[in-house]
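# Residue-level structure breakdown
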Amino acid sequence: MAAIITKDLVKRYAEVTAVDGVSLEIKEGEVFGLLGPNGAGKTTTISMLSTLVRPTSGTALVAGHDINKDPLAVRRNIGIVFQEPSVDDLLSARENLYLHSMLYGMPRRGLNENIERMLAMVNLTERGDSLVKTFSGGMRRRLEIARGLIHGPKILFLDEPTLGLDPASRKAVWTHIRELKERHNTTIILTTHYMEEADSLADRIGIINRGRIIELDTPEALKKKVGQDLVFLTGEINETAVKALPFVNSVEREDGRWKVGISDSGSNLQALLNAAGRLQDVEVRRVTLDDVFLKFAGQQISDDAEEHSEGIFQRIADSKVVRK
């Protein structure tokens, strides 16, 4: 069953087309990664799907509800973690969750138990009564995830959820995302600049560039489309025997060692080493999602996510069509 279906979704800002005819289907319980360079249309797409920005044309069904005809029903079924921090610094973690629950009109019966369950899920029970201004970046992010889930949404939008976090905090957030999928079958739409994040979390990845989806597949399938892994060999090799191997695509000398391009090093590396001869050193470089993006979009996605495009709030301000 599809959690989200978009059809010819378009958003224009004056003379700029931010999203240009996006049509895709996201499955229920899927973690869907939306990747692209700065200004590619990732945040604008999420803004439209979450009814924060009205499409110029086209439409989408989110949890079975039309974003144009029934935006309130869409909002009841989604949660959002924004790029920019949005929890209230002057409230405690528990108070933030209580306020969000009231805004969603959740019944008071069982509310406290639900808040405690959310705090436990993101490992913040002991800090539940601490003011958010005392939290680290990772703790804030985890609280925002809890807040986005407090009303039991079917779909969660995570727009750069680990932006600016240290490696340990990023991995903690990754753990919570995996648990949401495995325990609650939550559909998650994730935008990120971190390739490791997309590779480890996403079931499928859509690459968006200049407002259009240019590739859509699983991370492994996308990497296979790029072609080859590289194996660097130092020592004396039997060049003729190596070139005769059916999975070898190229053999050349580079900086005093042999550079061998092979398909699927995981399956074929041992056969290559057996044929190569007497070796002193072996280095394997697997195809990465950066390689995928370089091939299909003509550029790499920078790992420096601090240098990202405008945040969701700026998009909303520019559009001047936020729904009320």
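Residues numbered from 1 in each chain as written. Predicted model: local features only at pLDDT ≥ 70, side-chain atom pairs only at ≥ 80, totals over all residues. Heavy atoms only, no water.

## Quick look at the overall build of the chain
Each helix and strand in the chain was counted, giving 12 helices and 14 strands. Projecting the C-alpha coordinates of the chain onto the three principal axes gives extents of approximately 75 × 50 × 35 Å. Partitioning the intrachain contacts of the chain with sequence separation of at least 6 by distance along the chain shows that 70% fall at a separation of at least 24. Entry remark: accessible area of the chain is about 15500 Å², with carbon and sulfur atoms responsible for 48%. (Helix = DSSP H or I, 4+ residues; strand = E, 2+ residues; numbered from the N terminus. Contact = heavy atoms within 4.5 Å. Areas by Shrake-Rupley, 256 points an atom, 1.4 Å probe, with all protein chains shown as cover.)

## So, helix H3 (residues 93-103)
An α-helix turns once per 3.6 residues; consequently, residues spaced three or four apart project the same way. Those residues of H3 not exposed but buried are Ala93, Asn96, Leu97, His100 and Ser101. Taken around the axis of H3, the buried residues stretch over an arc of 135°, which confines them to a single face. Of the surrounding elements, those touching the buried residues of H3 are helix H4 (111-121) and helix H5 (137-149). Following H3 by one or two positions, glycine 105 has its phi on the positive side, about 65°. (Buried < 20%, exposed > 50% of the residue type's maximum accessible area, 1.4 Å probe, protein only. Arc of directions from axis to C-beta.)

## Description of the packing of aromatic side chains
Across all of its chains, the model carries zero aromatic pairs by this definition. A cation over a ring is seen here: lysine 11 above tyrosine 13, with NZ or CZ 5.3 Å from the ring centre. The cationic tip of arginine 170 hangs over the ring face of tyrosine 194; the distance from NZ or CZ to the ring centre is 3.8 Å. (Phe/Tyr/Trp six-rings, centres within 6.5 Å; stacked < 30°, edge-to-face > 60°. Lys NZ or Arg CZ within 6 Å of the ring centre and 35° of its normal.)

## Brief notes about the packing of helix H8 (residues 219-226) against helix H11 (residues 289-297)
Here H8 crosses H11 at 60°, and the two axes come no closer than 9 Å. As far as their axial angle goes, H11 and H8 are oblique. Crossing of H8 over H11 shows left-handed handedness. Between H8, through Pro219, Leu222, Lys223, Lys225 and Val226, and H11, the contact on the second element is made entirely by Leu289, Asp291, Val292, Lys295 and Phe296. Among the residues making up the contact of H8 with H11, the classes are represented as six nonpolar, no polar and four charged. (Axes fitted to C-alpha atoms, helices over the stretch in contact; angles between N-to-C directions. Parallel < 35°, antiparallel > 145°, perpendicular 65-115°, else oblique. Left-handed = near helix turned anticlockwise from the far one by under 90°. Nonpolar A, V, L, I, M, F, W, Y, C, P; charged D, E, K, R; others polar.)

## Observations concerning the environment of asparagine 68
Within the element layout of this structure, asparagine 68 appears in the loop between strand E5 (65-66) and helix H2 (71-76). The partly exposed category is assigned to asparagine 68, whose relative accessible area is 27%. The spacing of asparagine 68 and arginine 54 is 14 residues in sequence and 7.3 Å in space, taken between C-alpha atoms. Within the local environment of asparagine 68, its side chain forms a polar contact with the side chain of threonine 59, the two groups lying 3.3 Å apart. (Polar contact = N/O pair within 3.5 Å; in protein donor to acceptor, adjacent residues only side chain to side chain.)

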